[in-house]
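Structural description and commentary
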Amino acid sequence: MRLIIFILLCCTSQIRLTAQTLSFRHLNSTNGLLSDQGIQFCEDRLGRLCVATDEGVNVFDGVHVDSYTSYNKSGMGNSRIKAIYCDSRGTLWIATPAGVQYKSENAPVFATLPNPDKLPLEKVTIIRESTSGLLLLTWDSAFLVQKDGRIRSLNKLSAILKPYKEVLSVSNVEKDTWLLGVRGETLMVDVSKELVIRTFPYHNAWSLCRVNNDEWLACSLARDTVVLMNIRSGKTALVNNWRTQQGEKITGYGSEIAKINADEYAMGTRYHGLYILNVRKKTAVHYINNPDDPASVQGNFIRRVMITRTGILALHSNGVSYSSLDPPAMASVLSFSDRQGKKYKDVVNCFYQDPGGQMWIGTNGYLIKWNRENATSTIYPYYDKGAGPLMTRTLRAVIPDEKNRLWIGAFGSGLGRMLPGGAIEKTRFSDLLRSEDLSTEFHRITSDKNGNFLVATGAQFYMLNPLTGRLQTFSTHPTLKQIVNGYTTHFFADRSDNWWFAQGRGLSYYDRQKDRLYTIRPPGSQKDNNIFAVEQDANGMIYACGFYGVYIIDPQTRQIKTTIDKRSGLETSYVIGLLKDLEGNIWIIGNRGLACYTPQTGALTVFDENDGLIQSNHRVSSYYLAPDGEVFIGTQTGFNHFYPSGLKRKSYTPHVYITRLQAGNQVWGTLNSSRPLVFNHQQNNLVFHYLTVDYRNGNAVRYRYRLKGFDTAYINAFKERQARYTNLPAGNYQFLAEASVNGKHWFAAANPVQFSITPAFWTTWQFRLLVLSAAFLIIFALYKWRITQIKNESRLRRDFEIRLNELEHKALRTQMNPHFIFNSLNTINSFINTNDRLQANQYISKFSRLVRLTLDHSRAKKIALKDELEVIKIYVALEQLRFDQRFSYTIDVRNVDTDTVEIPSMIIQPFVENAILHGLLPAPHTGQLRIEISEMQGMLLVMIEDNGIGRAAARKNREQLNFNRKSHGMDITLKRIESFNSEHQVFKPVQITDLNDEQGLAAGTRVEMLLALSTAF
């Protein structure tokens, strides 16, 4: 075994936490600010930060920056802003070399304050709101913009100010009483009376900040003294003697002071950064720029300080820096330093807390032993001589064995072990791994419940036991050999001791009991299915993460149940780590950002730099859960640590605003819109803009919206802050917008926008009525013009239609007669063939009578029911003769006058013929034919019933006899009935019913026809 001696560089060196309690974000010209210089602040009624610069005005809401300059059609006459102020009505005022301008809350552009008296408004440097109006101050003059918009020159006050040459600061005492910081002293003046109430000796006051009704803090950018001034007694107390957390006195050259709360005040300085003064304790906390900490103040020259209503501290140094005043939820460590002040700063890769509470941290070149109880650290360099000069190694794993011996995985070097004396021994495993041609490019080393080390490297995975020295490579394993060689970042054993492999090829699951290997395929068509980590929650669900989010997998079915990604609220879908805390929550570690997922509720809580998270990329496998529940997360520039159960985040209700509505090139402000807006039909393409002012969680806020009257449900917009609708139909609408940080609790905008779109004039009922009236008039005129000709033509047409109708009915009847004659001649022929002269004579006599009646009736459109019944009786008698009395018949007329009631001729006979030929004659028994005529509901009911074989048997007989000739008689009869009834507005079809006996067998057929009841007069 070859031993490499590792030298102890530093013993017991003091650790320095360079991250500060305040964690700043920065806004400058690289991310939206018009300029980094000449900055002044104010806050509008929505809570947005209005930033005046020497290039224009920016309005910042925590995410988006709007810009107003003289070049972008915003109405500004000049982009160099000398003063900015937002009054109680939400109007934004600015002073430029072109004069004083303003923008009301709903206006899209600035307007210029009228100045008919040519007052020197281009010199205004201070704008404030007073009881009497808007106070405008130049270096030596004062003006008042009255309620009616007129400007009044305060000549007496101007005369008072002129000897002092410059007004440096103002602070309101009450109503029209103001404190003015000028060169030489401090003045208390009454603006309405234009007189000096009192003077104070503190001179060149660049900032005056009220502490209470009697005391003001005062500082000067040109002096090194900061005082607490009593405006009642005139006495001052020196603040410079107050001590900081380091025991140092407060230096002067204060630029601006802003009130945080009743005790604390933020003061920017010219040379020494930021002080948080505590007037009750007479102490201060000092913040200066740290080049190594991007979350520190940008510079030590801080010109402007402001506290927003929501507790955000905004500073102007190099651009704008802003921070929540709430203490961060997470602690952070960015660098270490020894007693000589030499700093150590490197990438943090891994963690381990030993039973004594000592933290061991592996970095890109050192092993650090961190004892937080006495705030000391010991740094151990990891050198590997190898074949060349000494070189440091990246430490990717710090892990104990079952004897609590500490093992160190050095990337590309091998496995080392910490000796009691502080040296690191390169173990025999390094040579063993090299002899087996196994990779030492460690990504992660974990242990299973049997004490084995599960090793994931850039080339393969393997398992070794540090106590027995047993090495299992899986290269010859019958199942795992197919995946053993590959980029592996995590070799994970679940609670059933089955294995999961996070690899460059994706996620694999090995069931050790069944010796089966499964591949879990993520959704989507992407080819880079790299998986970085695997975790298991208390319910047994498996979590895997990669480039496209976190996949929640049921281990029983191996199906992906849920995906958590950027659309779910993560800062990025690129997730490099997963960790389960002691409460069962799953911490999702993104390449950027951090989130906590609660499996029981599905809630997702997102954390960022406002919570103290280091603004740097996280590392694969660089996270750790200590035995006491503390979480450690490494980054490129340090690490965060926190107890999940102790994370305290200030809850608040986000305020959502619908700011404006755009239709084409026109814009309507909607913040104070009380009346519904009205648009014409051409203004039906609308864009709604909405926002939430949030400097803490701005990047995590997601939105949804709904247009009532059009949308049936809310539409998820995620981080999009506008909604677009095209071709909206006419109607009444209400636009709603909601915001959420966690996707579970939604907060609605307080100003839903109501509007309506008027229909096009040609779609209105008035227009339609007008068109109908015009059309009626035209038709009426044409009618009057042609009325005589139309009457004549109508008379001729009626006569022609009557004659045509009669011919049509006659044609139908003439089609009926040949059919009957044909059947009758067949009967006579049968008698002659049988030489039955008597029957033939009787038949010929009855037939001739029937033919005579038929010919007589064919000339009439309707005949009396008595005549029709006479024809039926003769026809049935002929059929009885023809078929040798095989059936009998009855005709029953009830409550009907057969002499006066008229029906179409030969309308009943076809049904009687069908009943005889197809129903009665094929029957083996004696047939019965019953004809019944009665009146029903004002109509004539004709019923023909037989006890024959039924329609189904008759149809079968026709098929057996191959009788395919189509009979037109019945079709003609049905048409005649339909024609006759329609003339009398009767629309009743002929009803044919199959009769059955008690056994359900066919027992005949019933035909029922309803005819219009027509009588002859």
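Since this is a predicted model, take the numbers as computed values, not measurements.

Attention now goes to the overall build of the chain. A count of helical and extended segments in the chain gives eight helices and 79 strands. Its C-alpha atoms give the chain a radius of gyration of 51 Å, clearly above 31 Å, the size a compact globule of 1017 residues would have. The principal-axis extent of the C-alpha atoms belonging to the chain is close to 155 × 95 × 45 Å. Counting the 1017 residues in the chain, one finds 52% classified as buried. Taking the contacts inside the chain whose residues are at least 6 apart along the sequence as the reference set, 54% of them involve residues at least 24 apart. Total accessible area on the chain stands at roughly 48,000 Å², and carbon and sulfur atoms take up 50% of it. Positive and negative side-chain charges of the chain, numbering 117 and 93 respectively, have mean locations separated by a distance of 4 Å.

Overall, the coordinates contain 43 aromatic pairs when judged by the stated rule. Seen from their ring centres, Phe351 and Phe639 are 5.5 Å apart, and the 70° between their planes marks the pair as edge-to-face. Of this pair, Phe351 sits in strand S33 (residues 348–353) while Phe639 sits in strand S61 (residues 639–642), placing them 288 residues apart in sequence. As far as the burial class goes, Phe351 and Phe639 line up, both buried. Relative to Phe491, the ring of Phe474 has its centre 6.3 Å away and its plane inclined at 70°; by these criteria the two rings are edge-to-face. Here the residue Phe474 occupies a position in the loop between strand S46 (471–472) and strand S47 (488–493), and Phe491 occupies one in strand S47, the gap between them amounting to 17 residues. This pair shows no difference in class: Phe474 is buried, exactly as Phe491 is. Through pairs of rings, three or more aromatic residues link up here, namely Trp668, Phe679, Phe688, Tyr690, Tyr703, Tyr705, Phe710, Tyr725, Tyr733, Phe735 and Phe755.

Look at the UniProt record and you will see "transmembrane region" (unreviewed entry) annotated at residues 765–785. Note that residues 765–785 is 100% helix and 0% strand, and that its end C-alpha atoms are spaced 30 Å apart.

Once that is clear, we can look at the nonpolar core. Counting 44 residues, the largest nonpolar core has Ile908, Val912, Ile916, Ile944 and Leu1011 as its most contacted members. Those elements giving two or more residues to this core turn out to be helix H4 (837–858), helix H5 (865–882), strand S74 (901–903), helix H6 (909–920), strand S75 (927–936), strand S76 (939–946), helix H8 (969–983) and strand S78 (1002–1012). Ranked by residues supplied to this core, first place goes to H5 with nine residues. Non-local contacts of Ile916, meaning those with residues more than four positions away in its chain, are made with Tyr875, Val876, Glu879, Phe887, Leu921 and Leu929. Counting 33 residues, the second largest nonpolar core, distinct from the first, contains Ile564, Ile576, Leu594 and Tyr623.

Interaxial distance between H5 and H6 falls to 10 Å at its minimum, and their mutual angle equals 20°. Viewed along their axes, H5 and H6 adopt a mutual orientation that is roughly parallel. Along this stretch, H5 crosses H6, giving a crossing that reads as right-handed. The segment H5 lies against H6, with Glu868, Ile872, Tyr875, Val876, Glu879 and Arg882 engaging Gln909, Val912, Glu913, Ile916 and Leu917.

On to the environment of Ala603, then. By the secondary structure assignment, Ala603 is in strand S58 (residues 603–607). Measuring from C-alpha to C-alpha, the distance between Ala603 and Tyr271 comes to 46 Å, with 332 residues separating the pair along the chain.

This paragraph deals with the pairing of strand S68 (residues 722–725). Every second residue of S68 is oriented toward a common face, the buried set being Ala723 and Tyr725 and the non-buried set Gln722 and Arg724. The sheet contact formed by strand S65 (residues 686–692) and S68 spans four bridges and is antiparallel. When the bridges of S68 are listed, Phe688 appears paired with Ala723.

In this section: the pattern of salt bridges. Going through the model one piece at a time under the given rule, you end up with 25 salt bridges. In this structure, the salt-bridge partner of Arg150 is Asp148, at a minimum N-O distance of 2.7 Å. With its nearest N and O atoms 3.3 Å apart, the salt bridge here joins Glu945 to Arg930. Residue Glu945 is found in strand S76, and its partner Arg930 is found in strand S75; the two are separated by 15 residues along the sequence. Here Glu945 falls in the buried class, since its relative accessible area comes to 16%. Via salt bridges that share partners, Asp892, Arg894, Arg930, Glu932, Glu945 and Arg1006 belong to a single interconnected network.

Strands sit in the order S19-S20-S21-S22 across an open sheet of four strands; the sheet is antiparallel. Each edge of the sheet is formed by a strand with only one pairing partner; in this case those strands are strand S19 (207–210) and strand S22 (236–238). Across the sheet, the mean angle separating the axes of adjacent strands is 25° when strand polarity is ignored. Note: strand S20 (residues 215–219) against strand S21 (residues 227–230), four bridges, orientation antiparallel. When the bridges of S21 are listed, Leu217 appears paired with Leu228.

Regular strands show a simple pattern: their side chains alternate between the two faces of the sheet. Within strand S43 (residues 442–447), five of the six residues are buried, which leaves the element mostly enclosed by the surrounding structure. The pairing of S43 with strand S44 (residues 453–457) spans five bridges and is antiparallel. Across the sheet, residue Phe442 finds its bridge partner in S44, namely Thr457.

Next up on the list: the side chain of Asp946. Tracing the chain through its elements places Asp946 in strand S76. Notably, Asp946 is buried but unbridged: the nearest opposite-charge side chain belongs to Arg951, and the N-O separation is 9.2 Å. Of note is the side chain of Asp946, whose polar atom sits 2.8 Å from the backbone nitrogen of Gly948. Those residues in contact with Asp946, other than ones at most four positions away along the chain, are Ala915, Gly919, Leu920, Gln928, Leu929, Leu995, Ala1003, Gly1004 and Thr1005.

What follows deals with a nonpolar patch on the surface. Residues Phe776, Leu777, Phe780, Tyr783 and Ile790 make up a contiguous nonpolar surface patch of about 520 Å² in total accessible area. Looking at the secondary structure, you find Leu777 in helix H3 (residues 765–833).

This next bit is on the packing of H4 against H5. Remark: H4 packs on H5, axes separated minimally by 10 Å, with the N-to-C direction vectors making an angle of 155°. Comparing the axis directions of H4 and H5 gives the class roughly antiparallel. Considering how the two elements wind past one another, H4 and H5 form a crossing that is left-handed. For the pair H4 and H5, contact is made by Gln839, Gln842, Tyr843, Lys846, Phe847, Arg849, Leu850, Leu853 and His857 and by Asp867, Glu870, Val871, Ile874, Tyr875, Ala877, Leu878, Glu879, Leu881 and Arg882, respectively. Broken down by class, the residue content of the contact of H4 with H5 amounts to ten nonpolar, three polar and six charged.

Structurally, the position occupied by Asn240 is in the loop between S22 and strand S23 (254–259). Asn240 sits in the buried class, given a relative accessible area of 9%. Side-chain polar atoms of Asn240 contact the backbone oxygen of Asp224, separated by 2.6 Å.

Right, let's get into the sheet that holds strand S17 (residues 186–190). Taken in spatial order, the four strands of this open sheet run S15-S16-S17-S18, and their pairing is antiparallel. Every other strand in the sheet has two partners, leaving strand S15 (167–174) and strand S18 (195–200) as the edge strands with one partner each. Neighbour-to-neighbour, the strand axes of the sheet open up by a mean angle of 25°, direction not taken into account. Pairing analysis gives five bridges linking S17 to S18, with the strands arranged antiparallel. Across the sheet, the residue bridging to Leu187 is Thr199, located in S18.

Attention shifts here to the environment of Gly99. Looking at the element boundaries, Gly99 is found in strand S9 (residues 99–103). Between the C-alpha atoms of Gly99 and Asn289, which are 190 residues apart in sequence, the distance is 37 Å. Excluding anything up to four places from it in sequence, Gly99 contacts Ile94, Leu121 and Glu122.

Helix length check: H5 (18 residues) gives 25 Å between terminal C-alpha atoms against 26 Å at 1.5 Å per residue, within 8%. In terms of residue burial, H5 counts as a mostly covered element, since 13 of its 18 residues are buried.

Parameters at a glance
Residues numbered from 1 in each chain as written. Predicted model: local features only at pLDDT ≥ 70, side-chain atom pairs only at ≥ 80, totals over all residues. Heavy atoms only, no water. Helix = DSSP H or I, 4+ residues; strand = E, 2+ residues; numbered from the N terminus. Rg over C-alpha atoms; globule rule 2.2 N^0.38 Å. Buried < 20%, exposed > 50% of the residue type's maximum accessible area, 1.4 Å probe, protein only. Contact = heavy atoms within 4.5 Å. Areas by Shrake-Rupley, 256 points an atom, 1.4 Å probe, with all protein chains shown as cover. Lys, Arg positive; Asp, Glu negative; His and termini not counted. Charge placed at Lys NZ, Arg CZ, Asp CG, Glu CD. Phe/Tyr/Trp six-rings, centres within 6.5 Å; stacked < 30°, edge-to-face > 60°. UniProt positions renumbered as here; feature names shortened; annotations may be inferred. Core = buried A, V, L, I, M, F, W, Y, C linked by side-chain atoms within 4.5 Å. Axes fitted to C-alpha atoms, helices over the stretch in contact; angles between N-to-C directions. Parallel < 35°, antiparallel > 145°, perpendicular 65-115°, else oblique. Left-handed = near helix turned anticlockwise from the far one by under 90°. Pairing = 2+ DSSP bridges. Salt bridge = Lys/Arg side-chain N within 4 Å of Asp/Glu carboxyl O. Polar contact = N/O pair within 3.5 Å; in protein donor to acceptor, adjacent residues only side chain to side chain. Patch = residues over 30% accessible without salt bridge, like charges linked within 9 Å, V, L, I, M, F, W, Y side chains within 5 Å. Nonpolar A, V, L, I, M, F, W, Y, C, P; charged D, E, K, R; others polar. Expected span 1.5 Å × (residues − 1).

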